[in-house]
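Remarks on the overall topology
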Amino acid sequence: MKSRLLTTLTTHLMTPVVGDAAALFALIDQNRDELARWMPRTASIQSVEDEAAFLLHTLDRIAANQFWLAVIWVGATPVGTIDLHNFKDGHAEVGYWLGHDFQGRGIMPHALGIVEDVAFNQLALNKLELVIATENTRSQAVAQRRGFHQDAVLRDHLLTASGNYDDAIVYSKLQWEAR
Amino acid sequence: MHTLADNIQLKAPQLTDAPALFACIAADRDYLVQWLPWVATTRAVADEAAFLRYCQTRIAAHQLWLAVIWVAGQPAGMIDLHEFQDDHAAVGYWLSREHRGQGIMTRCLATVEVIGFHDLGLHEIDLLADPANHASRAVAERRGFQRAGVLREHLPLAQGGYHDAVIYSKLSQEFTD
């Protein structure tokens, strides 16, 4: 798959629709083990209907201004999602995942750059945070590439699917640091 | 109700606590507002009563744990656990001027650790404090919370803008009565 992906395909972000459920479920199912390590909700997505229910819930929360989510597309293929959650006091947390075949191509740093623009310029946030497991070096590379600053290390902060806890690095980027 | 000492109790919030809590806030407004921006919008007993009613609905929805701190038979402050996620929560607190500096909040925090780790099954408790809020930080440090870093521009100010927050954490296995 990776070798056949044309580098000229454009990456874009689109608002989610329930009709994305089948493609996103297929992608989650293909990448289940890797995603579940960092994203416990993966275990609750066992069918297209589960993903459709998640997207419906997502749309409700977006309408209530509690959440923001975009599907990341490369050409005509959905390859992952990126979201903003835990809105409070002028800041929010970013979450993201990408199918394995699409990692390491600069897609997520590009998507994160777009989300920074949305957050700071459209949603008028003062700060974005990223909370990443200390062992998730790939995700940390995205934060570092986008110039996020390491603020803190929180011990045992993330509950894993196996019922253990991961230490987490908290990164931040301030509105005035974005370009 | 939790009795910490002869004259210190933690009690569930009641709307009838509003006048005494408002009096504490009004008497210490300039100090408290530095760390608690909601102090600026708490202008009348009715504002405090509305806040208590909001707290009660959040408590009923299991989104919040909160107690009014009673000292010598009067409401004198609050302590709470909020932002429950992944078996952790953040603790917040304030105490009236006349009762600060006597170790009361340190005792209250110890009791809230029992409630958080034992009763609510938390694994971690976070505590955020303004770097300049030495009284609050002293409580955290006296209770053995470990400094985890500084969250930049994290705390909103009443007059606009943000202050950094020192973030501390304590794990259930670090807790001893």
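Structure's up top.
Since we're looking at a predicted model, the values are computed, not measured.

Description of the overall build of chain A
Looking only at helices and strands, one finds five helices and seven strands in chain A. Expected size for 179 residues packed as a compact globule is a radius of gyration near 16 Å; at 16 Å, chain A falls within 12% of this value. If one aligns the C-alpha atoms of chain A with their principal axes, the spans along those axes are about 40 × 35 × 35 Å. Of all 179 residues assigned to chain A, the portion counted as buried reaches 49%. Pairs at least 24 residues apart make up 59% of the contacts formed inside chain A by residues separated by at least 6 positions.

Here we look at unusual backbone geometry
All names here are of chain B. The phi angle at Ala72 is positive, at roughly 50°, despite the residue not being glycine. Tracing the backbone through its elements, the reader meets Ala72 in the loop between strand S3 (64-71) and strand S4 (74-85). Given a relative accessible area of 56%, Ala72 falls into the exposed group. A positive phi is found at Asp87, a non-glycine position, where the angle reads about 65°. The topology assignment puts Asp87 in the loop between S4 and strand S5 (88-95).

Here's the deal with helix H5 (residues 134-142) of chain B
Residue and element names in this part refer to chain B. Taken together, the buried positions of H5 are occupied by Ser136, Arg137, Val139 and Ala140. In a view along the axis of H5, the buried residues occupy a sector of 155°, so they form one face of it. With respect to the buried face of H5, the exposed residues turned more than 90 degrees away are His134 and Arg142. Turning to H5, the residues buried within the fold contact S5, helix H4 (104-119), strand S6 (124-129), strand S7 (146-156) and strand S8 (162-171).

Topic: the pattern of salt bridges
Counting across every chain of the model gives 15 salt bridges over all chains. Of the charged contacts, one joins Arg152(B) and Asp151(A) as a salt bridge, the two residues approaching to 3.3 Å between their closest N and O atoms. Of the two residues, Arg152(B) is situated in strand S7 and Asp151(A) in strand S6 (residues 149-159); the pairing between them involves two chains. We note that Arg152(B), like Asp151(A), is buried.

Here we look at the packing of aromatic side chains
Tallied over the entire structure, the rule returns four aromatic pairs over all chains. Taken together, a centroid distance of 6.2 Å and an interplanar angle of 10° make the contact between Trp38(B) and Phe51(B) stacked. Remark: Phe51(B) occurs in helix H3 (residues 45-60) and Trp38(B) occurs in the loop between helix H2 (29-32) and H3; sequence separation between them is 13 residues. Residue Trp38(B) is classed as partly exposed on the basis of its relative accessible area, which comes to 30%. Members of the aromatic cluster, joined through ring pairs, are Trp38(B), Phe51(B) and Trp94(B). Directly above the ring of Phe54(A) sits Arg41(A), whose terminal nitrogen or CZ lies 3.7 Å from the centroid. Residue placement shows Arg61(A) over the ring face of Phe67(A); its charged tip is 4.5 Å from the ring centre.

Section: the side chain of Ser136(B)
All names here are of chain B. Position of Ser136 relative to the elements: it lies in helix H5. The exposure class assigned to Ser136 is buried, which follows from its relative accessible area of 11%. Apart from the residues within four sequence positions on either side, Ser136 is in contact with Tyr93 and Ala129.

Examining the interface of chain A and chain B
Taken together, the contact between chain A and chain B spans 25 residues of the former and 25 residues of the latter. Across the interface of chain A and chain B, roughly 2100 Å² is buried in total on both sides, 41% from carbon and sulfur atoms. Among the residues of chain A in contact with chain B, Arg155(A), His157(A) and Tyr165(A) are the three that bury the most area, contributing 30% of the side total. Joining chain A to chain B, the criterion identifies four salt bridges. Here chain A is connected to chain B by 21 residue pairs in polar contact (both at pLDDT 80 or more). Those elements that place two or more of their residues in the side of chain A that touches chain B are strand S3 (77-88), strand S5 (127-133), S6 and strand S7 (165-174) of chain A.

Considering the environment of Ala26(B)
Among the secondary structure elements, Ala26(B) is positioned in helix H1 (residues 18-27). For Ala26(B) and Val112(B), which are 86 residues apart along the polypeptide, the C-alpha to C-alpha distance reads 26 Å.

How each quantity is defined
Residues numbered from 1 in each chain as written. Chains lettered and ligands numbered in written order. Predicted model: local features only at pLDDT ≥ 70, side-chain atom pairs only at ≥ 80, totals over all residues. Heavy atoms only, no water. Helix = DSSP H or I, 4+ residues; strand = E, 2+ residues; numbered from the N terminus. Rg over C-alpha atoms; globule rule 2.2 N^0.38 Å. Buried < 20%, exposed > 50% of the residue type's maximum accessible area, 1.4 Å probe, protein only. Contact = heavy atoms within 4.5 Å. Arc of directions from axis to C-beta. Salt bridge = Lys/Arg side-chain N within 4 Å of Asp/Glu carboxyl O. Phe/Tyr/Trp six-rings, centres within 6.5 Å; stacked < 30°, edge-to-face > 60°. Lys NZ or Arg CZ within 6 Å of the ring centre and 35° of its normal. Buried area = accessible area lost by both parts, 1.4 Å probe. Polar contact = N/O pair within 3.5 Å; in protein donor to acceptor, adjacent residues only side chain to side chain.

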